[in-house]
Amino acid sequence: MISFRSTEEELAFVEVAKNLAKEKIRPQARICERNQKLNEEIVQEVQELGFLSLELSEDWDGLELPLISQVQILQGLCYGDLDVVQGLPGAGDAASFIRFLNQRLDTYKTDIVDELQTVSYLDLSEDWGTNIEVKKEMNHYILNGMSQPVKLAAQADYVLIAVMDSNGEPILFWLDSSVHPWHVEEGDYRLGLLTSGIARFTFDHVKISTDAILAQGNTAEKIIQDGRTRVRILQAAREVGLMEAALDYATEYTASRKAFGQEIAKFQGVSFRIAKMAIETRIVNHLVWEAALQADQEHPEAEGLSLRALHRAHKSLRYVTDSAVQLLGGHGYIQEFPVEKWMRDAQAQVTLYGRERQCLKKRGEQIIAGNREEVMA
Amino acid sequence: MISFQLSEQQKQIKEMTHWFAANEIRPIAMEADRLGKVPDEWLDKVNKMGIHLNTSSFSGGGGEESSRKSKKEREGNRMGVLATEQMAWGCPAITLSLPGAGLGGPPVQSSGTPEQKERFLSIFTKEKPRWGAYALTEPEAGSDASGVKTTATKVDGGYILNGQKIFITNGGRASWVVAFATVDSTLGRAGQRAFVVEKGTPGFSCTKLVKKMGLRANETAELLFEDCFVPDENLLGGEKLYEASSNKPSGFQVAMKTFDSTRPIVASMAIGIARAAYEYTLDLVRQEYPKGGETSALAAEMLAEVEQNIAAARLLTWEAAWKADFGLPNAKEAAMCKAYAGQMSLDVCSKCMELLGPIGLDGHLVEKLFRDVKIFDIFEGTNQIQHLVVARRQYAAYEVRV
């Protein structure tokens, strides 16, 4: 039955998340950005509430919530500030892969879940900007080269790598900094998501034994595909949270700001843009929810719907955050107001998480090949 | 629990209406467009099958039954949008020409007295195709529906109506029309009243059937009221409705309330049209386009965008319908889905025309759909009016009236 009603449990989670977002996360966002470091109190509170382990399984003391619940909670948290949420330690995006590899990684559970050691996820599918080579030699692999900038690299204790080796075989590697030393390139990051530890990894002929292979071949391919699907959905959900924040902030501002003797909201150039922001935000919300529902059902269309949701989220996020700055005028451009940061964070976010046109192209190829959902089904 | 899966009943209505659209409507769509009308014998046939367009829900006749479904979860609005998407996929002009109360149904259903509901909604039987209509727009009152100039002068036993209505769907053939008029123009919205004017009433006539860019098979009429006497019993809701809410713009509210249930229906029709264009184009791309290369990559991106936009509009529409089924205020969601679907569907048809290229000009369905769909961004409130409604709801919390 078509329904847009959240469960009581979801509503309770969202209320907690949103309160934390408004009362703690947003007031600290600027300071965190300036320090390029998260506030410990926030990290502790998020951990205590279980929001760092939404995606982890119960074996890993996680909440193991369905994606449809997770996306609502993440929306609530990112209503406070996307950058802060992206910078949270622990399993990060890798959680969407770890959940399929619990037993294999059991020895790291305490470090990641309790000690909040950080995992960075490195997807080497990108065909530009990275020159990492994974070469198979006898009974080990050699990893050499520099990655693109990725989230949580600066503070990573572990790296989960999804890659095709030189023979075209998909592999998931687990690198432990104490065993497989890597170098983090400092970089010069100024745009946004400055708390989230964006950096490049450099591997100098790192020898990786087969012990570090979590999965390969068909097993790895399936985990990578499912994990990527989940990451896309969870990232798109974060973007909804930021869009909601920007929409509400711009609405409130334009309702009180006066020009030419009246609230600027009364000018249709302003109010219609607010309406369009509201519509776009709702659209992305629904597309994310649909993708999450299908992923929860393990429906074969989930991958395509995740591409669709992420593409629209990126496009709309850029529009909504830009609109918020535009509607605040000069105030939108200065750092006394949060919207300029949100616009910067948004651009960094869409740059990190998949090119829009690639999402669209891949989805389109699936549609033409007949892998689309049956419209009539 | 959030779910986008259809219930068994919803699946059934979707499948049934799709079957009807594919087998009965689509085959005559191009010919009906050429003729500028839906063949009478076809209308007679489908009426005998019990297929009606009832814009508050799609049904095999009459809205009474669905409104009696009491304790069970109401799903009439969701069923309505599911069904009309399928029907419009077949052909929107034919769908709008289906017998039934049409846009006149919702105001009678929501504001009529029990006697009026019985009198006006029970005429839609299998014996003969009949239509209802909704007459709000005037030459000088389109988007600003509060500026209605048609007058209603109180006389013994009823009212005398004088004025003109334009752009009335099925207005010429309708057995009755819900017409809006003012009893005192100085009262503004509060002076408005809704009347059910029956065909054949002296002083009531159809003066013209207009020719249009698209939806050519569907009748769009101009109506004239010249000293037209309408009895008290045809005042929608009766005098009591207006007495009970003497401080409120009640007649206007009747008109506006209608939109909250009809806009999702109109949006779903636009979605059906867009989907028809998309599927037609997708089939062509699959069969005719070269595999790989620049053209194929371009098509992939465009089709992915089109499919995404259709899904986005559908989910907005489902939310508006879901809220209506639960009796929750849905003016904002209804305006959102209408605003988005109206504009999106034209864009989809345009993109599909681009993918078809010049051959699309020669006897292809998408060209007709492009002409048909433009009006969906205009009627039942223009795109700009929808944005205004959304913005008003958005600013309501700050007590700023935009």
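Residues numbered from 1 in each chain as written. Chains lettered and ligands numbered in written order. Predicted model: local features only at pLDDT ≥ 70, side-chain atom pairs only at ≥ 80, totals over all residues. Heavy atoms only, no water.

1. A few points about the sheet that holds strand 8 (residues 213–216) of chain A
All names here are of chain A. Strand order in the open sheet formed by four strands is 1-4-5-8, with mixed pairing between adjacent strands. For this open sheet the edge positions go to strand 1 (119–123) and strand 8, each flanked by a neighbour on one side alone. Ignoring which end each strand starts from, the neighbouring axes of this sheet average 15 degrees apart. Inspection of the sheet shows strand 5 (residues 170–176) paired to strand 8 by three bridges, in the antiparallel sense. Considered in strand 8, the bridge of Ile171 is made with Gln216. (Pairing = 2+ DSSP bridges. Helix = DSSP H or I, 4+ residues; strand = E, 2+ residues; numbered from the N terminus. Axes fitted to C-alpha atoms, helices over the stretch in contact; angles between N-to-C directions.)

2. Thoughts on the interface of chain B and chain A
In this assembly, 55 residues from chain B lie in contact with 54 residues from chain A. Each partner contributes to the roughly 5000 Å² buried at the junction of chain B and chain A, and carbon and sulfur atoms together form 67% of this total. Here Glu307(B) makes a salt bridge to Arg308(A), at a shortest N to O gap of 2.8 Å. Counting across the chain B and chain A interface gives 22 residue pairs in polar contact (both at pLDDT 80 or more). For the side of chain B that touches chain A, the elements supplying multiple residues, two or more each, are helix 1 (8–35), helix 4 (76–90), helix 9 (250–288), helix 10 (293–325), helix 11 (331–356) and helix 13 (383–395) of chain B. Among the elements that line the side of chain B that touches chain A, the one with the most residues is helix 10 of chain B, at 19 residues. (Contact = heavy atoms within 4.5 Å. Buried area = accessible area lost by both parts, 1.4 Å probe. Salt bridge = Lys/Arg side-chain N within 4 Å of Asp/Glu carboxyl O. Polar contact = N/O pair within 3.5 Å; in protein donor to acceptor, adjacent residues only side chain to side chain.)

3. Some points on the pattern of salt bridges
Residues and elements named next belong to chain A. Going through the model one piece at a time under the given rule, you end up with 49 salt bridges over all chains. The salt bridge involving Arg344 is made with Glu33; its shortest N-O contact spans 2.8 Å. Here Arg344, found in helix 11 (residues 339–352), pairs with Glu33, found in helix 1 (residues 8–35); they are 311 residues apart in sequence, far enough to count as distant. Since its relative accessible area comes to 16%, Arg344 is described here as buried. Here Glu33 falls in the buried class, since its relative accessible area comes to 7%. In this structure, Glu290 and Arg308 form a salt bridge, with 2.7 Å as the shortest nitrogen-oxygen distance. (Buried < 20%, exposed > 50% of the residue type's maximum accessible area, 1.4 Å probe, protein only.)

4. Structural notes on the packing of helix 1 of chain B against helix 4 of chain B
Residue and element names in this part refer to chain B. Contact pair helix 1 / helix 4: the axes reach a minimum separation of 7 Å and the direction vectors enclose 20 degrees. Classified by the angle between their axes, helix 1 and helix 4 sit roughly parallel to one another. In the crossing of helix 1 with helix 4, the sense of the turn from one axis to the other is right-handed. Between helix 1 and helix 4, the residues in contact are Gln9, Gln10, Ile13, Lys14, Thr17, His18, Phe20, Ala21, Ala22, Ile25, Arg26 and Ala29 and Arg78, Met79, Leu82, Ala83, Gln86, Met87, Trp89 and Gly90, respectively. (Parallel < 35°, antiparallel > 145°, perpendicular 65-115°, else oblique. Left-handed = near helix turned anticlockwise from the far one by under 90°.)

5. Some details on the packing of aromatic side chains
Aromatic ring pairs are reported here in terms of the distance separating the ring centres and the angle at which the planes meet. This model, assessed by the stated rule, comprises 22 aromatic pairs over all chains. Ring plane angle 85 degrees and centroid distance 6.1 Å describe the contact between Tyr253(A) and Phe337(A), whose orientation is recorded as edge-to-face. With Tyr253(A) in helix 7 (residues 217–256) and Phe337(A) in the loop between helix 10 (330–333) and helix 11, this residue pair connects regions lying 84 residues apart in the sequence. On the numbers, 5.5 Å between centres and 50 degrees between planes, the contact of Trp322(B) with Phe326(B) is tilted. Above the plane of the ring of Trp89(B) lies Arg26(B), whose end atom (NZ or CZ) is 4.1 Å from the centre. (Phe/Tyr/Trp six-rings, centres within 6.5 Å; stacked < 30°, edge-to-face > 60°. Lys NZ or Arg CZ within 6 Å of the ring centre and 35° of its normal.)

6. Section: the pairing of strand 3 (residues 140–146) of chain A
All names here are of chain A. Taken across its seven residues, strand 3 has five buried, putting it largely inside the fold. Strand direction decides the pairing type here: strand 2 (residues 133–137) and strand 3, joined by five bridges, are antiparallel. When the bridges of strand 3 are listed, Val134 appears paired with Leu143. Counted along the chain from strand 2 to the antiparallel partner strand 3, the turn is two residues long, and its residue Met138 has a positive phi close to 40 degrees. Bridge count for strand 3 against strand 7 (residues 200–209) is six bridges, and the pairing is antiparallel. Bridged to Leu143 within strand 7 is Val206.

7. As for the UniProt feature "domain: Acyl-CoA dehydrogenase/oxidase C-terminal" (unreviewed entry) in chain A
Sequence positions flagged by UniProt for "domain: Acyl-CoA dehydrogenase/oxidase C-terminal" (unreviewed entry) are, in local numbering, residues 230–354 of chain A. Structurally, residues 230–354 of chain A is divided into 81% helix and 3% strand, and its ends, taken at the C-alpha atoms, are 13 Å apart. (UniProt positions renumbered as here; feature names shortened; annotations may be inferred.)

8. Some points on empty space enclosed by the protein
All names here are of chain A. All chains considered together, the criterion is met by five cavities of 30 Å³ or more. When its volume is computed, the largest cavity comes out at roughly 270 Å³. As for the largest cavity, its lining consists of 23 residues, and the residues nearest its centre are Phe51, Leu52, Leu74, Gly92 and Arg238. Looking at the lining of the largest cavity, the elements that each hand over two or more residues are helix 3 (67–78), helix 4 (82–86), helix 5 (95–98) and helix 7. In terms of residue class, the lining of the largest cavity is made up of 13 nonpolar, six polar and four charged. (1 Å grid on protein atoms, 1.4 Å probe; cavity = no way out; pocket = protein on both sides within 12 Å on 5 of 7 lines; lining within 4 Å. Points joined across faces, edges and corners; volume = space filled by probe spheres on them. Nonpolar A, V, L, I, M, F, W, Y, C, P; charged D, E, K, R; others polar.)

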